[in-house]
Amino acid sequence: MTFKAPDSLAEQIAHHLAERIIRGEMKPGERIQEQKVTLALNVSRGSVREALLILERRHLIAILPRRGAHVTELTAHKVQSLCTLMSELYILLGNAVATGWQVQADLAPFVQIQQRLTASYERQDIRTFVDDSFSVMRAAYPFANNPYLQETVENLQPAMSRAYFLALEQRKAEMSEFLELFERLLAAVIARDFPQIRVVLTAYAQRSCDLVVSALTGA
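Note that the coordinates shown come from a computational prediction; the quantities given were computed from them, not determined experimentally.

Q: Can you tell me about the side chain of Ser208, naming the residues and giving the values?
A: Structurally, the position occupied by Ser208 is in helix H9 (residues 194-217). Look past the residues within four positions of Ser208 in its chain and what remains in contact with it is Met160, Ala167 and Phe178.

See the structure below:
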């Protein structure tokens, strides 16, 4: 059994602010004032400062000298750079699952996620769909057993989630395409078809990138 300490107060504050940024409630360039957050959440200023450092590490805010913390801008170049990197990290995780699974029970978490994604699609529930999409990578962590890979993905995930949410908010119809890609990915993992895993995950990342850039540019 793996011990998991409860999230620190700073992590909880960071999660609260990250959710607001990811959902678009806090806009690019918007300043985050420590004092306002402290008063709104009834927490210490030190905890807020620590939370802001966490958000900076996760690429959701930038902290600039004499200017304080601001929500980062989403640009086409940043989105393309992020998707290119995340594609390779996803491939590492996909390969790890394909290599490591032994019995059907090992794949049960992924089948359950697929079922939840289908249910979210049928309800047109974008928020839950996005959340469960990123549950896939967390289900893959035990197979990779690589703390450096896990930490890197976790720090980049909020920025990807922000971009992914924007894409689905703009075009709900694309949810069905992502579902089809996940079905193909699961089949490739079961077959231990490593070239196909790369093909599917590269297509997934590229499609996500295209949708976000389209939403950003209004195309």
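Q: I'd like a description of the UniProt feature "domain: HTH gntR-type" (unreviewed entry) in the chain, backed by residues and values.
A: UniProt tags residues 7-74 as "domain: HTH gntR-type" (unreviewed entry). Within the segment residues 7-74, helix and strand shares are 51% and 15% respectively, and the terminal C-alpha atoms sit 28 Å apart.

Q: Help me get a handle on H9, residues and values and all.
A: Between its first and last C-alpha atoms H9 spans 34 Å; for 24 residues at 1.5 Å apiece the expected length is 34 Å, and the two agree. By the burial criterion, the buried members of H9 are Ile197, Val200, Leu201, Tyr204, Ala205, Ser208, Cys209, Leu211, Val212, Val213 and Ser214. The N-cap residue of H9 is Asp193: its side-chain oxygen and the backbone nitrogen of Gln196 are 3.1 Å apart. Once H9 finishes, Gly218 follows within two positions and takes phi at roughly 75°, a positive value.

Q: Let's hear about the sheet that holds strand E2 (residues 61-64): which residues, and what values?
A: An order of E1-E3-E2 is seen for the three strands of this open sheet, with the pairing classed as antiparallel. The open sheet is flanked by strand E1 (31-32) and E2, the only strands paired with a single partner. Relative to strand E3 (residues 68-71), E2 runs antiparallel, the two sharing four bridges. Of the residues in E3, the one forming a bridge with Ala62 is His70.

Q: Which residues make up the state of the cysteines, and what values do they have?
A: Considering all chains together, one arrives at zero disulfides under this definition. With no disulfide of its own, Cys83 has Cys209 as its nearest cysteine by sulfur position, at a separation of 4.2 Å.

Q: Tell me about the pattern of salt bridges, and please be specific about residues and values.
A: Side chains that differ in charge, positive against negative, can pair when their charged atoms come close. Within this structure, the stated rule accounts for 12 salt bridges. Among the ionic pairs, Arg127 bridges to Glu19, the shortest N-O distance being 3.5 Å. Here Glu19 lies in helix H1 (residues 9-22) and Arg127 lies in helix H6 (residues 126-144), a separation of 108 residues in the sequence. Measuring nitrogen to oxygen at the nearest pair gives 3.1 Å for the salt bridge that ties Glu88 to Arg198. A residue pair is termed long-range when its members are at least 10 positions apart, and Glu88 in helix H4 (residues 76-100) and Arg198 in helix H9 qualify at 110 residues.

The rules we used
Residues numbered from 1 in each chain as written. Predicted model: local features only at pLDDT ≥ 70, side-chain atom pairs only at ≥ 80, totals over all residues. Heavy atoms only, no water. Helix = DSSP H or I, 4+ residues; strand = E, 2+ residues; numbered from the N terminus. Contact = heavy atoms within 4.5 Å. UniProt positions renumbered as here; feature names shortened; annotations may be inferred. Expected span 1.5 Å × (residues − 1). Buried < 20%, exposed > 50% of the residue type's maximum accessible area, 1.4 Å probe, protein only. Polar contact = N/O pair within 3.5 Å; in protein donor to acceptor, adjacent residues only side chain to side chain. Pairing = 2+ DSSP bridges. Disulfide = S-S within 2.5 Å. Salt bridge = Lys/Arg side-chain N within 4 Å of Asp/Glu carboxyl O.

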